[in-house]
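Structural overview for review
Here are the chains, one letter per residue:
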Amino acid sequence: MSRPTIAQLSTGTLTVVAAAAVLLAVSGSRGVFQIAVLVAFAVALGTLATALLVSVAAQRRAAAPQRQQAARTAAPEYAAQR
């Protein structure tokens with residue numbers, strides 16, 4: 001797995017902060033254990049968001065040479081007209 005870029009890390013961090021804030025505001029939890037569970041869930045959500053972005057970027061990089069090869073070998077549309 002490749003390393004995440006700054007944009008991917010920023011997206012994951014933003015997901016963690018936003019999810020934690022929303023979960024804590026909506027739940028109204030006051031216990032330490034309840035807050036720890038909500039924050040852990042937010043961290044897991046941010047990690048998942050970053051991992052998904054990294055995997056999508058890797059798939060795009062893997063498909064790029066195939067698209068470039070297809071673009072080079074394809075004849076222009078006007079050349080196929082009769």
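The following refers to the structure shown.

The subject of this paragraph is the overall build of the protein. Scanning the protein from N- to C-terminus turns up two helices and zero strands. By residue count, 13% of the 82 residues in the protein fall in the buried class. Carbon and sulfur atoms provide 67% of the accessible area of the protein, an area that totals close to 6500 Å².

What follows is about the side chain of Q8. Along the chain, the position of Q8 falls in helix α1 (residues 6-27). A polar side-chain atom of Q8 sits 2.8 Å from the main-chain amide nitrogen of T5. Within the structure, the side chain of Q8 is placed 3.3 Å from the backbone oxygen of L53, a separation counted as a polar contact. Beyond its immediate sequence surroundings of up to four residues, Q8 is in contact with R3, T50, L53, V54 and A57.

Below, the discussion takes up α1. For α1, which comprises 22 residues, the first-to-last C-alpha distance of 31 Å matches the rise-based estimate of 32 Å (1.5 Å per residue) to within 8%. If you check which residues of α1 are buried, you get Q8, G12, A19 and A20. Seen end-on, α1 carries its buried residues on one side only, within an arc spanning 105 degrees. Turned more than 90 degrees away from the buried face of α1, the exposed residues are I6, A7, L14, V17, V22 and A25. Among the residues trailing α1, G28 stands out with phi positive, at a value near 70 degrees.

Calculation notes
- Residues numbered from 1 in each chain as written.
- Predicted model: local features only at pLDDT ≥ 70, side-chain atom pairs only at ≥ 80, totals over all residues.
- Heavy atoms only, no water.
- Helix = DSSP H or I, 4+ residues; strand = E, 2+ residues; numbered from the N terminus.
- Buried < 20%, exposed > 50% of the residue type's maximum accessible area, 1.4 Å probe, protein only.
- Areas by Shrake-Rupley, 256 points an atom, 1.4 Å probe, with all protein chains shown as cover.
- Polar contact = N/O pair within 3.5 Å; in protein donor to acceptor, adjacent residues only side chain to side chain.
- Contact = heavy atoms within 4.5 Å.
- Expected span 1.5 Å × (residues − 1).
- Arc of directions from axis to C-beta.

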